[in-house]
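Listed here are the chains, written in short residue letters.
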Amino acid sequence: MKIDKLSRLVTLLCITLFCTYNVAMAQTNDKQVIATVVDEQGNPIEGVAVSGSSGNKTSSDVNGQFKFTLLDDESVVLEKKGYTSAIITLSDLTGNIIMTKSPFLASEDDEIKMGVATKYRRNIVGAVSSINTKDRLTYDNTQRVRDYINGLQLGVRGSDNIRGIGGVGDAVFVIDGVIGRDPNILNMEEVEQITVLKDANSVALYGSQGRNGVIVINTKRGKANKKEVNVNILSGIRTPISLPNYLGSAAYMTLFNEARNNDGFDNFFDPALIQEFRTSSNIYKYPDVDLYSSEYVQRLVNFTNVITEFSGGNDKNQYYVNVGWNREGAWVDINEDINAGTNRFNVRGNLDFKINDWITSSLDGIAVISTTRGSRADLLSAGTSLRPNAYAPLIPIDLIDTSNPTLAAQLQVANTFDGFLLGSTQQFGSDAPIALAIAGGYRDTVFRSTQFNNTINFDLDRIAKGLSAKTYVSFDFFDSYNLSIENQFKTYEPIWEGDIITGLNVFGEDLKDQRENTTTNGFLSRFGLYGLINYDTTLATDHSLNTTLLGFYNSQRRSDVIQTDVDAHVGFQMAYDYKKKLFFDFTGTYVNSIKLPKGNRGAFSPTAGIAYIISEESFLKNSNFINYLKLKASGGILKSDRGITALNSGGTVDDDSSAYYLYDVNYAFGSNVGWADGNTNRRIDISQGENLDLTFEERVDLNLGFETYVMNSLWIEANYFRTELDKQITFIQDQFPSFYDIFRPYNNFNKNLYTGFEIGMNFNKTYKDLSITLGANVLYSQTERAIRSEVFTEDYLQTQGREISTIFGLVDQGFYGEADFDTNGNLNTGLPVPQFGNVQPGDIKYQDLNGDNIIDNDDRRAIGQSSNPWTYALNLNLNYKRFNLFVLGVGQSGAQGNKLNSSFNEYYSVDGNDKYSEVVLGRWTPETASTATFPRLSSQTNQNNFRQSTFWLFDTSYFSINRAQLTYEFDDTFYKELGIEDFSVNLSGTNLFEIGKNRDVRQLRIGGTPLARTFTLGIRASF
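Please read all numbers here as calculations on a predicted model, not as lab measurements.

The rules we used
Residues numbered from 1 in each chain as written. Predicted model: local features only at pLDDT ≥ 70, side-chain atom pairs only at ≥ 80, totals over all residues. Heavy atoms only, no water. Salt bridge = Lys/Arg side-chain N within 4 Å of Asp/Glu carboxyl O. Helix = DSSP H or I, 4+ residues; strand = E, 2+ residues; numbered from the N terminus. Buried < 20%, exposed > 50% of the residue type's maximum accessible area, 1.4 Å probe, protein only. Pairing = 2+ DSSP bridges. Contact = heavy atoms within 4.5 Å. Patch = residues over 30% accessible without salt bridge, like charges linked within 9 Å, V, L, I, M, F, W, Y side chains within 5 Å. Areas by Shrake-Rupley, 256 points an atom, 1.4 Å probe, with all protein chains shown as cover.

## What to know about the pattern of salt bridges
Phase 1: A full pass over the atoms with the stated rule returns 42 salt bridges.
Phase 2: With its nearest N and O atoms 3.2 Å apart, the salt bridge here joins glutamate 192 to lysine 223. Taken together, the residues glutamate 192 in strand E15 (residues 191–197) and lysine 223 in the loop between strand E16 (214–219) and strand E17 (228–240) connect sequence positions 31 residues apart.
Phase 3: Residues lysine 630 and glutamate 707 are paired through a salt bridge, measuring 3.7 Å at the closest nitrogen-oxygen approach. Of this pair, lysine 630 sits in strand E33 (residues 626–640) while glutamate 707 sits in strand E36 (residues 697–710), and the two are 77 residues apart along the sequence.
Phase 4: Judged by its relative accessible area of 3%, glutamate 707 falls in the buried class.
Phase 5: Look at the salt bridges and you will find they share partners, linking Lys630, Lys632, Glu707 and Glu717 into a network.

Here is the structure:
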């Protein structure tokens, strides 16, 4: 689909919604009515919001009375928190109007939309956490959905891992009923509710894809007689919290000479040359280039975000439209011909309409176009390897000897840039990264997303009271491509005589690209549908029964992948309650997988849960301390194929291989086999053994918990969980001899165990003009490799029984000193001998764990874990008169990071020809032997020092003020005459402050976008 087609589609959607609204609103004649709102005992209800479809609003007074002007066929909506909302037609607006009080946690605000089912919070038996955004967005203006999840949702580690089960990003997102949608395409203004389903019983209806938990996001929809126009404008700046600090030219050259000397080689750089680099004012002859300096990386990046919402309708048709635009500058912007940065446009239209008395439907359409423009060079990545003395990026023309006719002729045809030529060296030629950024043209990366879904609801009361049905169809398409102008350009290497350039070596050609080049980054298309039949009935007053039968199908295709991913299952759920205080839930799902051999492609997943609202019993019902108390328990077995993926021989996931046909035997051509008669034949090798018994993985789950509300101010929720992920596929290591390796089949063997607890608390109290809301979430998740197939020389290398993210490595004993070697440079007798190459003073010394007097991989042991067992968050909301302060803090503890991780781009593991960072200033020398924090420098590849060990681990514990916002809401006398309903301004910041022993390491991003601190000024208005 081309962009112009997508634009026409978006326009058509907006016109359709606009016309639908205007047709619905086209009415005539009006009449004033007076009515009184009372409760079931006949007491007047004050403060009931009354709204008509034309946008007029009022509320009931202290006597429950209101006056309202209605059009001739208009209805009104009556709303008050704690009461069931009502839609009243003109003919019924006489006498008293009775509003029914909702039970605790069973009002409209307590509806939890769990994707394929909707329940009141009171009725839920599983571990489910939910946030409604309606009352929060004004005070917490963050626009990224993932940021909103992190710290505010109980049981979630980060933004997409539930209870530590699986790994980062393993929870599946369900957006408006569609499994697998990307939350990054949403802005928070679109979102109405975020719900996390954590235990097996809650996720069972999602079949295989619910294995690691489900995060359900529901977007906003229009409401009858609630006409709204909202505008949210944000503008701010981002500043880098931390940038890599690489050494300058003179320091680098000096230390590289030292590294050479340590290896027994002569100086590479003449000391006199180093002195010139240190003292000369000619920065072009003696360059000192730092691609992370302010000359290349901006210290302030601007961004602007504008979002508008339109919603409303009547009792027959409702609409919601969200239109947003976001512009953000680039961290690197040195090409004056490129307006670098990202522009993002989104539009959403959600339309609900009534077809007849028993059929309603909804139609949603979403379109997102995002374009990121930048140079063809990635300077943030190049900055990790480009040495500071390599070359001068720009050569000033005024230093060139133009009396030389050859040079004059070269300059006459050269492209210049503000009086400079593009610099390079023989090593880089025409591929010099800075020259590429300046003259190489541009690259636009375009991302497009279109999503459509349709729901049809059938009220089948005419067949059986309480019977209903629903169909749901969705289609999503994502694609990304690059548009680029790829100019060729000349670069120059100067030849100096003194401070004058007397010659130029030329690389490349100057040639403007005459056409825009297109390359694809791939696509993804998804088709999904489900249908369900629901029956809801009450028996003998006290007994309620709700049953659901579900059929689900989802398929997904990706570019360059032949196999279509298919997920299909049928599910049945029966929910029973007695007097709305005892709840029982049974859910069974029959899942299907084409990843498994025939005969094993189907499996049944049973789950059940029970909850008891004990506070409804007589001994607690009138308690002044405990207002509400619910006990709950759930468990079950989920069969899933989500973890069935191709593996490397060592058991790690092989992302480049298909997850299908893992049960089958694989053959491949091998080497030639020669015969005595001189003929040859190709061998046929087996690369994978057959296992026709391969079956589903199993999640075996138990959840015990309670919810309580005490003293009319404190909400507490706690859950204990125990989850086994059993029958995970692997290659069995300890049951076959080594020569059998290539014949080994996949087997269901591994088991992981996850245990822990989660506690969430929320305290709310008002003291005159001051309102305080304080929330806290704590998650403790301990994981274990319960069953593994392993063969190790030493018992302490076994991973079975250990934490899943256990780090194995050597134990450092400091540095070798000069006293550890004899006069010939050999290790003293009796010291363990490392097997990782020759060592010398200043190298890392390791512990000989097994006492065999050598240091090798058998001396590794468990030295830490990379996953934090503890995560926690605090949020505070203070409201005083018209001021509001919101603060969110998040933290974690109990894990270690590794400085040798590839994401650090050799910033810490410096040897050979690597660029030197500030960490080498703490290097070992004979003079710094007692204070050194880094091994000796080496110009060779050092096999001993940069091995995984305790030396390179660091504690990742921290607590940070993730974000804070100060909001001021203006008095309505300030804006009422302008037709504005609400008006507020806010000032917010993110990543404001962090406490952590190693925050300098943790906050460092090398080779990519830096971690940033943001400051935002926002204006929010409702009409």
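## Considering the sheet that holds strand E14 (residues 178–179)
Phase 1: With mixed pairing, the 5 strands of this open sheet are ordered in space as E10-E15-E16-E13-E14. Single-partner strands in this sheet number two, and they are strand E10 (128–132) and E14.
Phase 2: Pairing analysis gives 5 bridges linking E10 to E15, with the strands arranged antiparallel. Bridge pairing in E15 places valine 128 opposite leucine 197.

## Re the environment of phenylalanine 66
Phase 1: Among the secondary structure elements, phenylalanine 66 is positioned in strand E4 (residues 65–71).
Phase 2: Judged by relative accessible area, phenylalanine 66 falls into the buried class, the value being 2%.
Phase 3: For the pair phenylalanine 66 and valine 33, spaced 33 residues apart in sequence, the C-alpha to C-alpha distance is 8.4 Å.
Phase 4: Those residues in contact with phenylalanine 66 that lie beyond four places of it in its chain are Val33, Ile34, Ala35, Val37, Val50, Thr58, Ser59, Ser60, Leu78, Leu93 and Ile97.

## Describing the pairing of strand E51 (residues 982–995)
Phase 1: Both strand E50 (residues 958–969) and E51 contribute to a ladder of 10 bridges, which runs antiparallel. Its bridge partner being in E51, arginine 963 is matched across the sheet by threonine 990.
Phase 2: Bridge count between E51 and strand E52 (residues 1012–1022): 9 bridges; the pairing is antiparallel. In the sheet register, leucine 987 faces E52, and the bridge partner there is leucine 1017.

## Structural notes on a nonpolar patch on the surface
Phase 1: On the surface, Phe452, Val473, Phe475, Phe527, Leu529 and Tyr553 cluster together to form a nonpolar patch covering roughly 460 Å² of accessible area.
Phase 2: Following the sequence through the fold, leucine 529 ends up in strand E28 (residues 517–539).
Phase 3: Classification of leucine 529 as partly exposed rests on a relative accessible area of 33%.

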